[in-house]
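Spelled out from the first residue to the last, the chains are:
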Amino acid sequence: MSASREKKSRQELNGTGWSDPKTAREKQQRKEEKRSSILYGVIAAVFIVVAVTVIIWKSNVIQKTAAAATIDGEKYTAAEVTFHYQNVYRNFLNNNYGLLSYGVLSLNPNASLSTQTLTEGDATMLGLEEEEAGKSWKDYFVDQALEQMAAVQSVLKAAGEEGFIYPDSVQERYEESMASIRSGAAVSGVSVNQYLQSNLGGTMTEKIYGEQMMRSLQYEAYATARQEGLVYSDAELEEAYNANRNGYDRVSYESVSVTGIPEPTVDADGNEVEATEEETAAAMAAAKETAEEILAAYRSGQSLEALAEANGLSTYSNSESAAYASSPVLDWAFDDARREGDAQVVENTASYTVAVFHGKSRSEYNTVDVRHVLIRPESTTLTSEDEGYQADVDAKRNDAKARAEELYAQWQSGVATEETFADLARENSADGNASEGGIYEAVYKNQMVQTFNDWCFDPARQPGDSGIVETDFGFHIMYFVGQNEPYWKIQVRDALREENMNEWYGSFTQNHTIEKNGSGMKYVD
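For clarity, every value in this text was computed on a predicted model and none was experimentally measured. (Residues numbered from 1 in each chain as written. Predicted model: local features only at pLDDT ≥ 70, side-chain atom pairs only at ≥ 80, totals over all residues. Heavy atoms only, no water.)

Caption draft 1: View of the overall build of the protein chain. The secondary structure content of the protein chain amounts to 21 helices and 13 strands. Here the protein chain holds 525 residues, and 44% of them are scored as buried. The long-range share in the protein chain, meaning contacts at least 24 apart out of those at least 6 apart in sequence, stands at 71%. (Helix = DSSP H or I, 4+ residues; strand = E, 2+ residues; numbered from the N terminus. Buried < 20%, exposed > 50% of the residue type's maximum accessible area, 1.4 Å probe, protein only. Contact = heavy atoms within 4.5 Å.)

Structural data, given as structure tokens:
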């Protein structure tokens, strides 16, 4: 496609006034990452990265105990700040992988963070205050880390004053994580300190890492208990739903757009010539006329899809469950005055859309609870260019299938209950929820990959059903627990909890006295 045609395609999309609801949701999620990165991720991202590779660290003597920051009178060393700095930074990379890959954010992870600054576009995309623009990326992550540390410090103090009893899982997760670090060091033939320092900087030690790990896990346990304690009545859910129905409702509609952008022209030198106001007005008038003709033909009984094809238009769409986003068409579709069968020509910035409304509803279907055991095929050591690559991949996949069938048969031949299935998952599943018995609760439609989703939402599915499902991840031994609440209730409850937890977290990040010590802060990396 030529550059001029690509530009026209972009103009046509923008001209409809359409904005991607997924992008809008992601932007809101990025605003909430300050809390969620530690509440849900804690330092998990560091575990993953630490276990990937080791380069033996070499350095001169570093003042590991140099004070880098003071928070409300409590001093923290460079290593302690580094623990949270790396957590914030690596969670940021994970959460914003897509934006970084497509260059939407200016950060280059392969270059020095100290020499890169946040642009105004970065600040806008991340939902930051304007004054954040111009700050170096390192300073930004340091400030986020210190804010996180202040929150952890305050929350643990509150937990202590409350007499909160930490669940056994805190110690269990701590021991598992530290054992993983020690195992990685042993495999790499280095000490634990060297292993940590090669990934987290020269100031890190096993003792400091373990202490900060425990503090983070305790924070997560207390915050999780707080979140799980948030209960809302049906009346409160209905009230929250009615206050933001467009945020939860979905509409079904058909549409076809007719562009009002003039065909691009070029001069004698091949340069694109910008259309005049008269040419643009004429193109819009022609688009409106075509759209009105299509609407009239639709009202006479012809299908909108067939009319789009007859007019050579590739913009036909049939949206069965569209979420709200600010655009002329969706504003029209989500209007409370809409009734089934309504059809209208809607004017956009640079096009006209023929829209046909079929209905609006909230997601009343029940979510489901399901357990599974994932048997993942072993990874091949060959590359795709090597001879026998596909045969090796197929053989390993067949081995995984055979293993899944063997485990499934063993479970069926015994006391085949949900409890024994949970034990099967704990002992054999390669999924991250193995320790929880392979449970997924309140699963909504299309949350999972297609074959997994289809099995869960088969209309004939009954509690206690089991089977084996194949996905790109491997083979899943399935157990259907039963139906959960309607999806709209899950959505509203999650939104209320998110709002309440953000307020809760914010209360622990206010009114702190944070001081940076330049001599110690220079060792934070």
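Caption draft 2: Representation of the sheet that holds strand 11 (residues 466–471) within the structure. Here we have 4 strands laid out as an open sheet, ordered 10-9-12-11, and antiparallel in their pairing. A strand with exactly one partner marks an edge of an open sheet, and here the two such strands are strand 10 (439–443) and strand 11. Put simply, the sheet's adjacent strands are angled 35° from each other on average, direction ignored. In the packing of helix 18 (residues 418–428) onto the sheet, the strands contacted are strand 9 (366–375) and strand 12 (474–486), and the crossing angle to strand 9 comes to about 45°. Against the sheet, helix 20 (residues 487–507) touches strand 9, strand 10 and strand 12, its axis set at about 85° to strand 12. (Pairing = 2+ DSSP bridges. Axes fitted to C-alpha atoms, helices over the stretch in contact; angles between N-to-C directions.)

Caption draft 3: Broad picture of the sheet that holds strand 1 (residues 67–71). Spatial ordering of the open sheet is given by 2-1-13, a layout of 3 strands whose pairing is antiparallel. Every other strand in the sheet has two partners, leaving strand 2 (74–77) and strand 13 (514–516) as the edge strands with one partner each. Pairs of neighbouring strands in the sheet enclose a mean axial angle of 20°, with direction left out of account. Here strand 1 runs beside strand 2; their pairing, made up of 4 bridges, is antiparallel. Bridge pairing links Ile71 to Glu74 in strand 2. Sitting on the sheet, helix 5 (residues 78–95) touches strand 1 and strand 2, and the angle it makes with strand 2 is about 80°.

Caption draft 4: Seen up close, the packing of helix 9 (residues 168–188) against helix 10 (residues 192–200). Look at helix 9 against helix 10: their axes get within 8 Å of each other, and the N-to-C directions meet at 95°. Taken together, the axes of helix 9 and helix 10 lie roughly perpendicular to each other. Contact with helix 9, carried on its side by Ile181, Arg182, Gly184, Ala185 and Ser188, involves Val192, Tyr195 and Leu196 of helix 10 and no other residues of that element. Counted by class, the contact of helix 9 with helix 10 contains 5 nonpolar, 2 polar and 1 charged residues. (Parallel < 35°, antiparallel > 145°, perpendicular 65-115°, else oblique. Nonpolar A, V, L, I, M, F, W, Y, C, P; charged D, E, K, R; others polar.)

Caption draft 5: Representation of the packing of helix 17 (residues 389–413) against helix 18 in the model. Running from N to C, helix 17 and helix 18 point in directions that differ by 150°, and their axes come no closer than 11 Å. Judged by the sense of rotation from one axis to the other, the crossing of helix 17 with helix 18 is right-handed. Residues Arg403, Leu407 and Trp411 of helix 17 form the contact with helix 18, whose own contacting residues are Thr420, Phe421, Leu424 and Asn428. Residues of the contact of helix 17 with helix 18, tallied by class, amount to 4 nonpolar, 2 polar and 1 charged. (Left-handed = near helix turned anticlockwise from the far one by under 90°.)

Caption draft 6: Structural detail: the pattern of salt bridges. Tallied over the entire structure, the rule returns 20 salt bridges. Residues Asp143 and Lys135 are paired through a salt bridge, measuring 2.7 Å at the closest nitrogen-oxygen approach. Given a relative accessible area of 24%, Asp143 falls into the partly exposed group. We note a salt bridge from Arg245 to Asp336, for which the minimum N-O separation is 3.0 Å. Of this pair, Arg245 sits in helix 13 (residues 245–248) while Asp336 sits in the loop between helix 16 (328–333) and strand 7 (343–347), and the two are 91 residues apart along the sequence. Judged by relative accessible area, which is 48%, Asp336 ranks as partly exposed. Residues joined by salt bridges that share partners form a network here, namely Glu132, Lys135, Asp143 and Lys516. (Salt bridge = Lys/Arg side-chain N within 4 Å of Asp/Glu carboxyl O.)

Caption draft 7: Geometry of the environment of Leu304. Along the chain, Leu304 falls in helix 15 (residues 304–310). Separated by 12 residues in sequence, Leu304 and Tyr316 place their C-alpha atoms 7.8 Å apart.

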